Amino acid sequence: RMADNYERCLRNGGLESSIEVLGRTPCLHTRRGFEIQKWIDMHPEFQIEKMVILDDDADMEHLTPFLVQTDSIIGFTYYDYEKALMMLGGKQNNE
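Note that the structure is a prediction, hence the values are computed from the model and not measured. (Residues numbered from 1 in each chain as written. Predicted model: local features only at pLDDT ≥ 70, side-chain atom pairs only at ≥ 80, totals over all residues. Heavy atoms only, no water.)

Asker: So what's going on with the pattern of salt bridges? Residues and values would help.
Answerer: Applying the stated rule across the entire model yields four salt bridges. D59 serves as the salt-bridge partner of R31, at 4.0 Å between the closest nitrogen and oxygen. Linking R31 in the loop between helix 1 (6-12) and helix 2 (32-42) with D59 in the loop between strand 1 (53-55) and strand 2 (67-69), this pair joins segments that are 28 residues apart in sequence. Residue classification places R31 among the partly exposed positions, given a relative accessible area of 40%. Of the charged contacts in the structure, one is a salt bridge between R31 and E61, with a shortest N-O distance of 2.7 Å. Here E61 lies in the loop between strand 1 and strand 2 and R31 lies in the loop between helix 1 and helix 2, a separation of 30 residues in the sequence. By relative accessible area, which is 35% here, E61 ends up partly exposed. (Salt bridge = Lys/Arg side-chain N within 4 Å of Asp/Glu carboxyl O. Helix = DSSP H or I, 4+ residues; strand = E, 2+ residues; numbered from the N terminus. Buried < 20%, exposed > 50% of the residue type's maximum accessible area, 1.4 Å probe, protein only.)

Asker: A description of the packing of aromatic side chains should follow, citing residues and the corresponding values.
Answerer: Under the definition given, this model contains two aromatic pairs. Consider the rings of W39 and F46, whose centres lie 5.5 Å apart with planes at 10°: the pair is stacked. On the basis of relative accessible area, W39 is assigned to the buried category, the value being 13%. Ring geometry for Y78 versus Y81: centroids 5.5 Å apart, planes at 40°, classification tilted. On the criterion of helical spacing, the pair formed by Y78 and Y81 is a turn pair, its members being three residues apart in helix 3 (residues 78-87). Assessed through its relative accessible area of 33%, Y81 is described here as partly exposed. (Phe/Tyr/Trp six-rings, centres within 6.5 Å; stacked < 30°, edge-to-face > 60°.)

Okay, structure coming up:
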């Protein structure tokens, strides 16, 4: 899990400043899926219609269908990008 300076870590990792960081999941010391669900429940103002979870953990419980599991060593790959894009209804570059 990221430290309290999670947004700075994301920015240093290349996240563009034009992309807003909405928050982070609470640390409930339970499975990631429950932590993500708690965040969603705490923020009904976002009215989520589609979502993709990018995570290197697999413990998503009922949210597993939304998971693109990344490799904790390699990170987010082009294959992960293509899978996430497809899950969100986007078109792959080869179409």
